[in-house]
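Residues per chain are reported as follows:
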Number of protein chains: 4
Amino acid sequence: MTESRNGTVKVGIIGATGYAGAELVRILQGHPAAEIKWYGSKSYIEKEYASVYRNFFRVVEDICKGDDLNELADQVDVIFTATPQGFLASVISEEILQKVKIVDLSADFRLKDVAVYEKWYGIEHKAPQFIKEAVYGLCEINREDIKGARLIANPGCYTTCSILTAYPLVKEGLIDEKSLIIDAKSGTSGAGRGAKLPNLFCEVNENIKAYGVAGHRHTPEIEEQLGYAAGKEVVLNFTPHLVPMNRGILVTAYANLKPDGMDGRKVCEAYEKYYGKEAFIRLLPQGECPETKWVEGSNFVDIGFVIDERTNRIIMMGALDNLVKGAAGQAVQNMNLLFGLPENTGLMMMPMFP
Amino acid sequence: MTESRNGTVKVGIIGATGYAGAELVRILQGHPAAEIKWYGSKSYIEKEYASVYRNFFRVVEDICKGDDLNELADQVDVIFTATPQGFLASVISEEILQKVKIVDLSADFRLKDVAVYEKWYGIEHKAPQFIKEAVYGLCEINREDIKGARLIANPGCYTTCSILTAYPLVKEGLIDEKSLIIDAKSGTSGAGRGAKLPNLFCEVNENIKAYGVAGHRHTPEIEEQLGYAAGKEVVLNFTPHLVPMNRGILVTAYANLKPDGMDGRKVCEAYEKYYGKEAFIRLLPQGECPETKWVEGSNFVDIGFVIDERTNRIIMMGALDNLVKGAAGQAVQNMNLLFGLPENTGLMMMPMFP
Amino acid sequence: MTESRNGTVKVGIIGATGYAGAELVRILQGHPAAEIKWYGSKSYIEKEYASVYRNFFRVVEDICKGDDLNELADQVDVIFTATPQGFLASVISEEILQKVKIVDLSADFRLKDVAVYEKWYGIEHKAPQFIKEAVYGLCEINREDIKGARLIANPGCYTTCSILTAYPLVKEGLIDEKSLIIDAKSGTSGAGRGAKLPNLFCEVNENIKAYGVAGHRHTPEIEEQLGYAAGKEVVLNFTPHLVPMNRGILVTAYANLKPDGMDGRKVCEAYEKYYGKEAFIRLLPQGECPETKWVEGSNFVDIGFVIDERTNRIIMMGALDNLVKGAAGQAVQNMNLLFGLPENTGLMMMPMFP
Amino acid sequence: MTESRNGTVKVGIIGATGYAGAELVRILQGHPAAEIKWYGSKSYIEKEYASVYRNFFRVVEDICKGDDLNELADQVDVIFTATPQGFLASVISEEILQKVKIVDLSADFRLKDVAVYEKWYGIEHKAPQFIKEAVYGLCEINREDIKGARLIANPGCYTTCSILTAYPLVKEGLIDEKSLIIDAKSGTSGAGRGAKLPNLFCEVNENIKAYGVAGHRHTPEIEEQLGYAAGKEVVLNFTPHLVPMNRGILVTAYANLKPDGMDGRKVCEAYEKYYGKEAFIRLLPQGECPETKWVEGSNFVDIGFVIDERTNRIIMMGALDNLVKGAAGQAVQNMNLLFGLPENTGLMMMPMFP
């Protein structure tokens, strides 16, 4: 466990002008023990940060800087990289890691198998030597490993929601992991702030579609992590959908129940066993369905389930805010663990409704 | 096949002030061989129809009438009942059916087994004697039976989309029907125009949720119809979700492929065999995903699929407009069949984009 | 008045892959006396038109062609140019105009004063010699002039709504034209299909803003046309706002009433005098407020007003669909006039609600 | 100035299950010096508060109580009444006011003239004896009076935005107050959580309309307050519009500039004079337009303006979150003043974007 050099954790953000970067800013502005020292950007260098995100007008006075990790490493305690795939792997070094902690919001160090990374992402991995030491930053599952790490691979938004929803039942062997089908629905901020035709208001509004069917890059990440829980290889279906809303991910996951799982009480107990004391996971009463609106703006994950006796299947449902628990909130949660702060420091934002 | 008494089909609508009723009005206003003679309503009797739906200002001059089927039966050739469950069953009679055709948009005559109806809908069926003769009005599948019928059970919106999406593969035995999981997403007009808290703008907007999990009333309807195709009982999972948009249903259906089904070409051929000549079903190239926006306002159903070789599953996707092909459009398609009109008469509305 | 060369009007569209162009396609597909012969595009040449707008899958089989007006002029009766400002002026010629009618949806020929055009649009006008002959295509006001024209300047969306809302009262001198303030609200399709950051879903959704305040290019167009009605120069405030919806323009216009205007009956009579027989203008009862949803997808303009006796002002309100009456629908209405067809041919689309 | 009885301000909320009440809960949950002791409701007595607002699941454990102010007055330091018009006036008493402070989010004590209240609200005022002592709780303007008050009339959402936007220019005499026209646009949460047809998702989505034109109840409140600033009677036009979004109010206000006002620098100085040190008012650079999204979820008001030299008018624009600065946030700001807390305590929520 590292302590901040002078009481307050000094933070640098690379990719501060993307949606996840801006959410880091929103959360860290309210964090009592952190201070942002560096707003790194590729497209807006020398511009006022608050001119890019006008919500921070008169709140953030800083100017955007570049993305030089070596320079930054001398000035802060932790670096958040909210950058495109491949960026961190192309610049990371032992020297940097000896100076600062890194919480990477990209996928560069999430997958342990380089070949799987290169296949699903279609790019060469430039720093495979750090893959082994990187800790997968799903706090509720890898808490102890995170505390002592130098490099955190912050999970993806779909992934966080999918894994947390199914984990206890996979771990306890209550469901047949080969039968897992994850149908996920996401708000549009997950697509980022790039000016692309499919993300225009008129293309997204009043519309719903699946995309990346049988080929979305979060699939192997979910499979790997649930594989650790199952103690064997997991291959599953993951289908993301684009929903006309800004924020929120809802996962509806289907699996065949093993004989033990057909008892709702045992399912409840499994969830309770792993999440009963978690600050950010809220287990809904059996039969109740989570809604993304109930967690919007917060770091909560709401989880519920229904057992269908007619088909012997369980329908597990999880909801989170893709920019908070699915990105920036979880990154700050990891930072809190890394620096010995109470895990929920600066993260008790209430969900905003309506 | 019946001919209209004087060239033009005279139409009565009961439940004309609900969303499906209003969509019947929109479509029939542009229908060259039909004329609405009766705008039936429960809540707005004696009020101008165009005061209830201001979009019809200066288009519809009529006054809302009541819901007396006996009186109406003497004045029109066909009655559309867009009414709550149980209404038609409580008033239908042999006398009425000898005078007019009925196209029922409610669920009263969709299920052949009264016990199943009473279990899922929780009400007593008041006219079981007409269940057998009622024809399930899914035109693409039951076209010939529809032509000679007196009573059409117009399919539900989720149902139409679910059945049409999976039918050819079930019929041809390319998928294991026991493995079917249907994850459906619907716009909010499917919930009707009732003033209920969960349907308020602020509750639906920026939100997505599942509802009726493992218990939605459209489940047995899908199972029954796919059971006919399979030649055996089908039990499946059906999970509806509420999406913040006005119109549109997207079905994402998962099934294990039988050995024969693993060949994309055979899947294509099966879809082509049943739908290749259909005016309203558009088969997308393999791998392409339908979007609800591409069918909005039209009677089209767009169907696509992806085969996941990693899991040996197929992901079938279907999209339609719940108020058109999922309700009023299909009802008019049935009317056209009943009265010997070209099936697409008055139904070639182009999808509206954006 | 021109007749089509062989009964059906042959149509070419330049800019068919923008939103207004696509709306022309939607409307003309249902037009009984027109046939699209040329889908012109700049970015999608040689691509299937239906691959750009998937709503036309299996409806339009054509391939996108280029934007060579000279080539096109030999093949069609009328050309619609839904192109950026300056395009038509840079290619139009006497030779072309001797062959075909042109309905221009851009602003190139809307303003009679070249200097005003060049000031507000910031570009040089390349064909000022055709400005005088161009007829401003606001059918309800310039109907007779349109019939014999070769070149129609189709009004802008904000402009159509603003002018039609205020015209009768300006013309009849019931309001003080110097006091006119027009506060307009538009759906996002008015911003076009360009992939620009401010038009991304997440930037528009859950947001409203004014833009182009005191400098929007539609201002001089409104002023010029209302100036003709007033018989003197009109200078007014026009403030557009971006609303999170796909379609629709609502204009709320404020003006001081002259003594005569304070009588609601006289105001009604003025509206009735100019619009009483119009097919596409629906005058709401005094005190009723139009809603954009009531006209969506149709060529209607709904107009209402309220007199505020406390301030001696009138609040005039108009609503239309910016892609229909505000662009493509009006263009087709002009085409109908040009070719001697009944003015509402192919334009009786019912508004879609919800 | 009152101090809390034991260091923490004990709070009671009447109307805690409306949207404004729920926003009070969201804000006060993060307030370091306040504690909610009473969740009062009319419809949900004895129900868990978190079952009514599921976003508070596992955050709020309390049960809803009734609306007995006398009982409540013995238990708390301050009561927020987020109740329908007329409620507080019907139950308030000297006895209650001697025990607790009251911050009233309804309109009961906003207007000083009973006759005006009774005319615009259409109900008899039951407690006119307290009108005089009530302080209009617009903190930026009445700060000193608020500190010593017993009864605060918390301003309405439209009102706060309208007044703050125009106040400095009216006060400094830079605009002709008789020419003021306020065109306001609001998100739908302003309409409350009542289950009414016009507030259904399908009626609001993809729609915009004006309502209450020339007769909205916030009009006299704006007039009265701006009248104090002007030192004479102000009569103006106020037109609210319903926008398809959850939160946010945008005011676009038009006024004729007096000769002095035509100088942008003087306008800037006037705004700076009154708001330069305000924590919650952010003055945008001249020419920049505020957007509701930039203040969502926060207590900020963003204000900008444009001078139109062509018409000698100024267009002033203000944006706020109707549930925060327009209701609950301002109420807490008032509470902070009443109890001698730093005014921004618990109110530094960052705006959420996107």
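Higher on the page you've got the structure.
These numbers were taken from a predicted model, which means no experiment stands behind them.

Remarks on the overall build of chain A
Now for step 1: Secondary structure summary: chain A contains 12 helices and 13 strands in total.
Now for step 2: Since a compact globule built from 354 residues should have a radius of gyration of about 20 Å, the 20 Å found for chain A is in line with a globular shape.
Now for step 3: In terms of overall dimensions, chain A has a C-alpha envelope of 60 × 45 × 40 Å along the principal axes.
Now for step 4: Long-range contacts, defined here as pairs at least 24 residues apart, represent 72% of the contacts in chain A between residues at least 6 apart.
Now for step 5: Of the roughly 11,100 Å² of accessible surface on chain A, a fraction of 48% belongs to carbon and sulfur atoms.

As for the environment of D:Ser41
Residues and elements named next belong to chain D.
Now for step 1: Secondary-structure assignment places Ser41 in the loop between β2 (34-40) and α2 (49-52).
Now for step 2: When the C-alpha atoms of Ser41 and Gly215 are compared, they prove to be 30 Å apart, with 174 residues separating the residues in sequence.
Now for step 3: Polar contacts involving the side chain of Ser41 include one to the side chain of Thr17, which spans 3.0 Å.
Now for step 4: Within polar-contact distance, the side chain of Ser41 engages the backbone nitrogen of Tyr44 at 3.1 Å.

Considerations on the relation of the copies chain B and chain A
Now for step 1: Here chain B sits on chain A after a turn of 180° about the axis and a move of 0.0 Å along it, with an RMSD of 0.0 Å. Classification of the inter-copy transformation places it as that of a two-fold axis. The C-alpha atom lying nearest the rotation axis in chain B is that of B:Pro244; the distance is 3.3 Å.

Section: the interface of chain C and chain D
Now for step 1: On the chain D side, the residues contacting the 48 residues of chain C number 48 residues.
Now for step 2: Taken together, the two surfaces of chain C and chain D that pack against each other cover about 4,000 Å², and 56% of this comes from carbon and sulfur.
Now for step 3: When residues of chain C are sorted by the area they lose upon contact with chain D, C:Glu206, C:Ile208 and C:Arg310 head the list and together hold 18% of the total.
Now for step 4: Here chain C is connected to chain D by six salt bridges.
Now for step 5: A salt bridge links C:Lys185 to D:Asp183; its shortest N-O distance comes to 3.0 Å.
Now for step 6: For the interface between chain C and chain D, the tally reads 30 residue pairs in polar contact (both at pLDDT 80 or more).
Now for step 7: For the side of chain C that touches chain D, the secondary-structure elements that each account for two or more residues are β7 (181-186), α9 (201-204), β8 (209-210), α10 (218-230), β9 (237-242), β10 (249-256), β12 (301-308) and β13 (313-320) of chain C.
Now for step 8: Counting residues per element, the side of chain C that touches chain D draws most heavily on β7(C), which supplies four residues.

Observations regarding the relation of the copies chain C and chain D
Note that the two copies of the chain are related through a rotation about an axis and a translation along the same axis.
Now for step 1: For these two chains of identical sequence, chain C goes onto chain D by a turn of 180° and a shift of 0.0 Å along the axis, with RMSD 0.0 Å.
Now for step 2: Mapped onto chain D, 100% of the interface residues of chain C are again interface residues, and the two copies thus contact each other with one and the same surface.

Focus on the nonpolar core
Now for step 1: One finds A:Phe80, B:Phe80, C:Phe80 and D:Phe80 to be the most contacted residues of the largest nonpolar core, which totals 213 residues.
Now for step 2: With 41 residues, the next largest nonpolar core counts D:Cys161, D:Ala166, D:Leu257 and D:Ile314 among its residues.

Let's talk about the pattern of salt bridges
Now for step 1: Counted according to the given criterion, the structure contains 104 salt bridges over all chains.
Now for step 2: Across the pair B:Lys325 and B:Glu140 runs a salt bridge whose closest N-O atoms are separated by 2.9 Å. Of this pair, B:Lys325 sits in helix α12 (residues 324-338) while B:Glu140 sits in helix α7 (residues 139-147), placing them 185 residues apart in sequence.
Now for step 3: A relative accessible area of 0% places B:Lys325 in the buried class.
Now for step 4: C:Asp302 is paired through a salt bridge with C:Arg282; the nearest N and O atoms lie 2.7 Å apart. Here C:Asp302 is found in strand β12, whereas its partner C:Arg282 is found in strand β11 (residues 281-283), with 20 residues between them in sequence. For the pair C:Asp302 and C:Arg282, one class covers both residues: buried.

Quick notes on the rules
Residues numbered from 1 in each chain as written. Chains lettered and ligands numbered in written order. Predicted model: local features only at pLDDT ≥ 70, side-chain atom pairs only at ≥ 80, totals over all residues. Heavy atoms only, no water. Helix = DSSP H or I, 4+ residues; strand = E, 2+ residues; numbered from the N terminus. Rg over C-alpha atoms; globule rule 2.2 N^0.38 Å. Contact = heavy atoms within 4.5 Å. Areas by Shrake-Rupley, 256 points an atom, 1.4 Å probe, with all protein chains shown as cover. Polar contact = N/O pair within 3.5 Å; in protein donor to acceptor, adjacent residues only side chain to side chain. Least-squares fit on C-alpha atoms with pLDDT ≥ 70 in both. Buried area = accessible area lost by both parts, 1.4 Å probe. Salt bridge = Lys/Arg side-chain N within 4 Å of Asp/Glu carboxyl O. Core = buried A, V, L, I, M, F, W, Y, C linked by side-chain atoms within 4.5 Å. Buried < 20%, exposed > 50% of the residue type's maximum accessible area, 1.4 Å probe, protein only.

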